[in-house]
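Observations on chain architecture
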Amino acid sequence: MKKTIKNVVFTLIFLTLSASTAFLAYLHFFTSDVSELSGEWTTNLDMTQQAAVTAFSWLQDIEGVFVTLEEMEVCMQELTIQVNLTFEQTSLSKGTFHCNVVQESYDACRQAAYEALAASFHELLAERLSMAGYTGSMDGEAMEALVTETFGMSTDAYLMSYGPELLPPLEELQAHYDGSGTYETAEDILTRQFDSGGSDATRVEYYIRKESSLILSEEIGSVPGGFSLDEDSVIYTLQQPEN
C-alpha cells in the first residue's frame, strides 16, 4: 500500500514538474520573444513610388512626358530613408524608447532622387534640342554642361530649387517619427507616450515580434508619404542590426 502511494505521489510530482517545465519553455520561446523589445531597431522608409509619381506628374505639367510611370520608378530604385528606434525595457511590459530619422540618410535619398530626375531631364532637353534642329553632342555630359552654363548651377541643384518636391520635408518626417518617451505593451498592442506632448503625444500601434523583425502597423494617413499596404493600416518592418 505504501509503495502504491509512493508511486502515485512520485507520478504526480513528475507530471507537475513536466507541466511546469513545458510552461516555462513556452514562456521562454514564445511569450518572451513577443514582449521583449529592448535593443536598437532600424527601418528604411521606401520613397521610390512617391518620388517617381511626383516626378512623372511634374513632367506631365511641363508637357515633357516621354517615359511611363513604370520607367520612372525603375530610374528611382532603392530610395529609402533610415529611421532608428531604440527600446529599453524597465519592467515586464513597460519601458522607454527613443526614435529619430537619420538626417544623413534623408539627404542621400533626396540627392539620389534628384539625380535620377536630372537624368530624365537631360533626355527631355536632348529631345527638344533635336526637334529644334540642334546638331551638337546631346549625351548626358553635354546636357549637363549646357544646363550649368544656362542656369549657373548643376541640373540636380536647379531641380532642387525650382523643380518638384520629390520627398516629404525632413521636418514633416521628424515631426512624426522623432521623439522619446515611455511605452507599454499589452495583447499585441504597443502604446508609446511621447514626452513632447501635443495631439500626437500618444501613439497606438499593433506589433508583431518575430525573431529579429518588429512589424508595426497604424492607421492609414498617419505616416507622411502614405506607406500603406492595404486600406486599413500602414505597416513598416524594423530589423535589429547584426552585431
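This section reports on the structure supplied with the text. Quantities reported herein were computed from a predicted structural model and do not represent experimental measurements.

Definitions and limits used
- Residues numbered from 1 in each chain as written.
- Predicted model: local features only at pLDDT ≥ 70, side-chain atom pairs only at ≥ 80, totals over all residues.
- Heavy atoms only, no water.
- Helix = DSSP H or I, 4+ residues; strand = E, 2+ residues; numbered from the N terminus.
- Buried < 20%, exposed > 50% of the residue type's maximum accessible area, 1.4 Å probe, protein only.
- Polar contact = N/O pair within 3.5 Å; in protein donor to acceptor, adjacent residues only side chain to side chain.
- Expected span 1.5 Å × (residues − 1).
- Pairing = 2+ DSSP bridges.
- Core = buried A, V, L, I, M, F, W, Y, C linked by side-chain atoms within 4.5 Å.
- Salt bridge = Lys/Arg side-chain N within 4 Å of Asp/Glu carboxyl O.
- Phe/Tyr/Trp six-rings, centres within 6.5 Å; stacked < 30°, edge-to-face > 60°.

Details of the side chain of glutamate 205
Checked against the element boundaries, glutamate 205 lands in strand S6 (residues 202-210). According to the relative accessible area criterion, glutamate 205 is buried, its value standing at 0%. At a separation of 3.0 Å, a polar atom in the side chain of glutamate 205 contacts the side chain of arginine 192.

Examining helix H5 (residues 140-151)
Taking 1.5 Å per residue as the helical rise, H5 with its 12 residues ought to reach 16 Å, and the 16 Å between its terminal C-alpha atoms agrees with that figure. Backbone geometry just after H5 places glycine 152 at a positive phi near 75°.

Points about the pairing of strand S2 (residues 80-89)
Look at any regular strand and the pattern is simple: side chains alternate between the two faces of the sheet. Bridging between strand S1 (residues 39-46) and S2 involves 8 bridges; their strand directions are antiparallel. Opposite glutamate 40, over in S2, you have threonine 86 as the bridge partner. In this sheet, strand S3 (residues 94-101) lies alongside S2 in antiparallel orientation, the contact comprising 7 bridges. From the neighbouring strand, threonine 86 faces S3, where its bridge partner is histidine 98. Counted between consecutive antiparallel strands, the loop separating S2 from S3 contains 4 residues.

Notes on the nonpolar core
Of all hydrophobic cores here, the largest spans 45 residues; its most connected members are Met76 and Phe87. For this core, the leading source of residues is helix H4 (residues 103-131), giving 9 residues.

Side note on the pattern of salt bridges
Summed over all chains, the structure comprises 1 salt bridge. One salt bridge connects arginine 192 with glutamate 205, and the closest N-O pair in it is separated by 3.0 Å. With a gap of 13 residues between them, arginine 192 in strand S5 (residues 189-194) and glutamate 205 in strand S6 connect regions that are remote in the sequence. Relative accessible area serves as the criterion here: at 2%, arginine 192 is assigned to the buried category.

Quick word on the packing of aromatic side chains
Tallying each qualifying case throughout the model produces 5 aromatic pairs. Judged by centre distance (4.9 Å) and plane angle (75°), the ring pair of phenylalanine 87 and tyrosine 183 falls under edge-to-face. Taken together, the positions of phenylalanine 87 in strand S2 and tyrosine 183 in strand S4 (residues 179-186) put the pair 96 residues apart, joining distant regions of the chain. Looking at tyrosine 183, the relative accessible area reads 3%, which means it is buried. With a centroid separation of 5.2 Å and 40° between ring planes, the pair formed by tyrosine 158 and tyrosine 162 is classed as tilted. Pair noted here: tyrosine 158 and tyrosine 162 are both in helix H6 (residues 155-162), with a separation of 4 residues, about one helical turn. Relative accessible area serves as the criterion here: at 19%, tyrosine 158 is assigned to the buried category. An aromatic cluster of three or more residues is present, and its members are Phe151, Tyr158 and Tyr162.

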